[in-house]
Amino acid sequence: MPELTVSMPARNSSRFIGEAVSSVLSETSVDLELIVVDDASTDGTAEVASSFGDPRVRVMRNPSRRGIAACHNLVVENSGAPFIAHVDSDDVVFPGALPRMLDALRSSPGAGQAHCNFRCIGERGEKLDVTLSSVRQPGIDYKRELLVCGGIINHLRTYRKEVFDNVGLFDETLGYSIDTEMALRIIDRYDIVFVPEFLYGRRVHPGSSSDTLTLKELRYWLQRYRFSRRLIQNRKLNYLNTGEYDFDRLMAAGLVRALISCASRILGPAANK
């Protein structure tokens with residue numbers, strides 16, 4: 001039984017998935033398996049992933065497109081490892097990343113999830129302007145920031161597998177923000193630990209899903225509001241009942257933040273004068 005299962009959903013990513021798979025397999029200090037779920041690609045994604053001839057790689061194919069949440073759930077259901085890491089099929093993990101993430105979870109028994117800083121890379125793998133990268137600071141109040149900001153736990157999300165037994169699988173009704181919705185359920189019962197190192201390369205290219213959304217910050221806020229209300233109704237955000245966190249105030253702060261960000265994108269430099 002491997003110690004770590006790496007989940008890699010993939011759709012039409014034949015151009016980059018070879019580098020993504022190679023970056024995972026280079027982590028020889030971790031006993032791992034890599035499960036690539038080809039989500040009904042129309043290019044050679046599955047063929048590239050299958051070409052490595054490495055027994056640690058398993059390729060599963062969906063006969064029709066099911067979405068990233070369903071792909072991750074398929075991996076959870078087919079993994080026997082105690083830890084699961086999510087790696088996008090157009091991104092890369094930097095050397096030493098996976099053992100570092102496992103160390104963070106092992107040293108924090110109450111943690112259900114770990115994440116790290118990431119650096120944006122270009123289509124050829126070159127490092128981009130550091131301002132495009134994630135620079136988090138230790139001491140994040142996840143119960144607050146997940147509601148206000150949403151996407152503070154991207155990328156290289158690494159989980160104890162047991163959390164899925166306790167909080168449930170990923171919500172397959174969501175088209176995006178599935179990781180934020182899951183993190184909210186996790187933080188209600190576990191800690192989230194942050195590794196303040198650049199361990200992941202997020203590929204920026206014209207096909208990047210989050211970069212093609214119009215008014216994406218506002219869309220993410222609305223999505224966050226909807227699933228947060230549903231979680232509250234289903235009694236899965238019990239920390240909001242303590243009085244320490246005011247849901248309406250936090251979501252209002254998030255809306256203001258999203259509107260300012262959208263205005264900056266639309267108006268450009270004029271919005272910052």
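Preceding this paragraph is the structure being described.
Rules behind the numbers
Residues numbered from 1 in each chain as written. Predicted model: local features only at pLDDT ≥ 70, side-chain atom pairs only at ≥ 80, totals over all residues. Heavy atoms only, no water. Salt bridge = Lys/Arg side-chain N within 4 Å of Asp/Glu carboxyl O. Helix = DSSP H or I, 4+ residues; strand = E, 2+ residues; numbered from the N terminus. Buried < 20%, exposed > 50% of the residue type's maximum accessible area, 1.4 Å probe, protein only. Pairing = 2+ DSSP bridges. Right-handed = clockwise from strand over helix to strand, strands pointing away. Patch = residues over 30% accessible without salt bridge, like charges linked within 9 Å, V, L, I, M, F, W, Y side chains within 5 Å. Areas by Shrake-Rupley, 256 points an atom, 1.4 Å probe, with all protein chains shown as cover. Contact = heavy atoms within 4.5 Å. Axes fitted to C-alpha atoms, helices over the stretch in contact; angles between N-to-C directions. Parallel < 35°, antiparallel > 145°, perpendicular 65-115°, else oblique. Left-handed = near helix turned anticlockwise from the far one by under 90°. Nonpolar A, V, L, I, M, F, W, Y, C, P; charged D, E, K, R; others polar. Phe/Tyr/Trp six-rings, centres within 6.5 Å; stacked < 30°, edge-to-face > 60°. Lys NZ or Arg CZ within 6 Å of the ring centre and 35° of its normal.

Colleague: Go over the pattern of salt bridges, please, and point to the residues and values.
Modeller: Taken as a whole, this structure holds 14 salt bridges when the rule is applied. A salt bridge links Glu19 to Arg203; its shortest N-O distance comes to 2.8 Å. Residue Glu19 is located in helix H1 (residues 17-25), and its partner Arg203 is located in strand E8 (residues 191-203); the two are separated by 184 residues in the primary sequence. On the accessibility criterion, Arg203 (1% relative accessible area) is buried. Between Glu172 and Arg66 there is a salt bridge, with the nearest N and O atoms lying 3.7 Å from each other. Of this pair, Glu172 sits in the loop between helix H6 (162-167) and helix H7 (178-187) while Arg66 sits in the loop between strand E3 (57-62) and helix H3 (68-78), placing them 106 residues apart in sequence. Three or more residues are tied together by salt bridges with common partners; here these are Glu3, Asp103 and Arg106.

Colleague: A description of the pairing of strand E2 (residues 32-39) should follow, citing residues and the corresponding values.
Modeller: Of all the eight residues making up E2, eight are buried; the element is thus mostly covered by neighbouring parts of the structure. With burial as the criterion, each face of E2 is covered, one bearing Leu32, Leu34, Val36 and Asp38 and the other bearing Glu33, Ile35, Val37 and Asp39. The pairing of strand E1 (residues 4-10) with E2 spans seven bridges and is classified as parallel. Among the inter-strand pairings, Thr5 is bridged to a residue of E2, identified as Glu33. The parallel pair E1 and E2, bridged by H1, forms a crossover whose chirality is right-handed. Relative to E3, E2 runs parallel, the two being bridged by six bridges. What sits directly across from Ile35, in E3, is Arg58. Note that the unit made of E2, helix H2 (residues 45-50) and E3 has a crossover that is right-handed.

Colleague: Help me get a handle on a nonpolar patch on the surface, residues and values and all.
Modeller: Together, Leu215, Ile266 and Leu267 give the surface a local cluster of nonpolar side chains, amounting to about 300 Å² of exposed area. Tracing the backbone shows Ile266 in helix H9 (residues 247-267). Taking the relative accessible area as the measure of exposure, Ile266 reaches 61% and is therefore exposed.

Colleague: Which residues make up the pairing of strand E6 (residues 111-121), and what values do they have?
Modeller: Summarising burial for E6: 11 of the 11 residues are buried, a large majority. When E6 meets strand E7 (residues 158-160), the two strands line up antiparallel, connected through two bridges. Bridging across to E7, Ala114 finds its partner in Thr158.

Colleague: Tell me about the sheet that holds E6, residues and numbers included.
Modeller: Here eight strands make up an open sheet; going across it, the order is E3-E2-E1-E4-E7-E6-E8-E5 and the pairing mixed. A strand with exactly one partner marks an edge of an open sheet, and here the two such strands are E3 and strand E5 (92-93). Sheet strands touched by H3: E1, E2, E3 and strand E4 (83-86). Its angle to E2, the strand with the most contacts, is close to 145°. The strands that H7 touches are E6, E7 and E8; relative to E8, the one it contacts most, it runs at about 160°.

Colleague: I'd love a proper account of the packing of H7 against helix H8 (residues 216-233), names of residues and values included.
Modeller: Across the interface, H7 lies against H8 with an axial gap of 10 Å and an inter-helix angle of 30°. Relative to H8, the element H7 lies roughly parallel. When you trace H7 past H8, the crossing you get is right-handed. In contact with Thr180, Glu181, Leu184 and Arg185 of H7, H8 contributes Arg224, Phe227, Ser228 and Leu231. In terms of residue class, the contact of H7 with H8 is built from three nonpolar, two polar and three charged.

Colleague: Can you break down the packing of aromatic side chains residue by residue, with the values?
Modeller: Taken as a whole, this structure holds seven aromatic pairs when the rule is applied. Considering the side-chain rings of Phe164 and Phe170, the 5.5 Å spacing of their centres and the 45° angle between planes classify their relative orientation as tilted. Assessed through its relative accessible area of 5%, Phe164 is described here as buried. Judged by its relative accessible area of 4%, Phe170 is buried. Ring centres of Tyr176 and Tyr220 lie 5.0 Å apart, and the angle between their planes is 90°; this geometry places the pair in the edge-to-face category. Taken together, the residues Tyr176 in the loop between H6 and H7 and Tyr220 in helix H8 connect sequence positions 44 residues apart. Taken together, the ring pairs in this structure connect Tyr159, Phe164 and Phe170 into an aromatic cluster. Seen from the ring of Phe198, Arg119 lies directly overhead, with NZ or CZ sitting 4.2 Å from the centre.

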